[in-house]
Amino acid sequence: MEIAALRNDDPSWFPPLEAAVCADGVDGLLAVGGDLSSDRLLGAYRNAIFPWYDEQGPILWWSPDPRAVIFADAIHVSKSMARLIRRQTFRVTWNQAFEQVIRQCAMPRDGNPGTWILPEMIQAYQQLHLSGDAQSCEIWSGEELVGGIYGVTIGSVFCGESMFHRQANASKLALISVAQHERFDVIDCQFPSEHLLSMGAEMISRDAFVRLLKSALGM
C-alpha cells in the first residue's frame, strides 16, 4: 500500500479521491504529510478531505466512502430533548468561545489519555475561525460552558470536527442547534457512530457528498 505524500510547497494538490485506501480497518486514507495551512485545509474540506492523525505519526488526510452526514431537516429530536429546548435549560451562543470549545474537545475522555486535537491543530483551526471559515456553537449553564461543537463551514455544509459536554445533553443540543441554524442544510459527520446514527446520521456515497459540497459552493 503506497500512500501519496503531500509537499508543503503545493498546498492545493491532493491525489484523486479514488486513490483512498483502507488503513488499520478504517476506510478513506488518501494522503500523508503536508501541513495545516489555511489554504490546504480549506482546499481539503472543499474536496471532501479532512486531516485526522495522532501525535505518534505524520499528518494523515482522509476521504471515506461512504460518508456519514446529517441532513438538517432529518435531525432526530427526542421528546426529552424537545422538552429541554422548550424549557430553555441551557443558553446557546455562536462563535463566542471558539478557543474554549476546541480546547475542551481536545481534553482526554473515556479513560483515553491521548487526543487527536493536537496543539498545531488547535492553532490551525483558530486561524480558520479568525478568517470566518470555522465556527463554534456553545452551550452554557449560567456562565459555565458545558458543551459545544466546532467545525469548518463550506457554504451550507457544516463539517463537524468535534463536540464535548460537561452536562448531560449539552452536546446533543449543540448538534441540534447546528441543524436548526438557518445557514446549514447538511452536517458532515465524517465517520458514523452509534450516537450520531441515533441523532439522524445516514450514510451516503462519497460521490454524493462531493456533489453536496459543489452545490454548497455554487459550482
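Bear in mind the structure is a predicted one, so any value in this text is a computation, not a measurement.

## Examining the pattern of salt bridges
Right, on to step 1. Per the stated rule, a full pass over the model turns up 5 salt bridges.
Right, on to step 2. Here Asp35 makes a salt bridge to Arg40, at a shortest N to O gap of 2.8 Å.
Right, on to step 3. On the basis of relative accessibility, which here comes to 0%, the residue Arg40 falls in the buried class.
Right, on to step 4. Put simply, Glu99 and Arg103 hold a salt bridge, and the shortest N to O gap is 2.9 Å. Linking Glu99 with Arg103, this pair stays in helix H3 (residues 98–105), spanning 4 residues, or about one helical turn.
Right, on to step 5. Glu99 gets classed as partly exposed once you look at its relative accessible area, which sits at 38%.
Right, on to step 6. For Arg103, a relative accessible area of 43% translates into the label partly exposed.

## A few points about the pairing of strand S9 (residues 144–154)
Right, on to step 1. Extensive coverage of S9 is indicated by the burial of 10 of its 11 residues.
Right, on to step 2. Inspection of the sheet shows strand S8 (residues 134–141) paired to S9 by 8 bridges, in the antiparallel sense. In the strand pairing of S9, Glu138 is matched with Gly148.
Right, on to step 3. In textbook terms, the turn of a hairpin is the stretch between consecutive antiparallel strands, and for S8 and S9 this stretch comprises 2 residues, one of which, Gly142, has a positive phi near 65°.
Right, on to step 4. Two strands pair when backbone bridges link them, and S9 and strand S10 (residues 157–165) are joined in this way by 8 bridges, in the antiparallel orientation. In the strand pairing of S10, Gly147 is matched with His165.
Right, on to step 5. The hairpin turn running from S9 into S10, its antiparallel successor, is 2 residues long, and Gly155 in that turn takes a positive phi close to 60°.

Quick notes on the rules
Residues numbered from 1 in each chain as written. Predicted model: local features only at pLDDT ≥ 70, side-chain atom pairs only at ≥ 80, totals over all residues. Heavy atoms only, no water. Salt bridge = Lys/Arg side-chain N within 4 Å of Asp/Glu carboxyl O. Buried < 20%, exposed > 50% of the residue type's maximum accessible area, 1.4 Å probe, protein only. Helix = DSSP H or I, 4+ residues; strand = E, 2+ residues; numbered from the N terminus. Pairing = 2+ DSSP bridges.

By themselves these figures say nothing about function.
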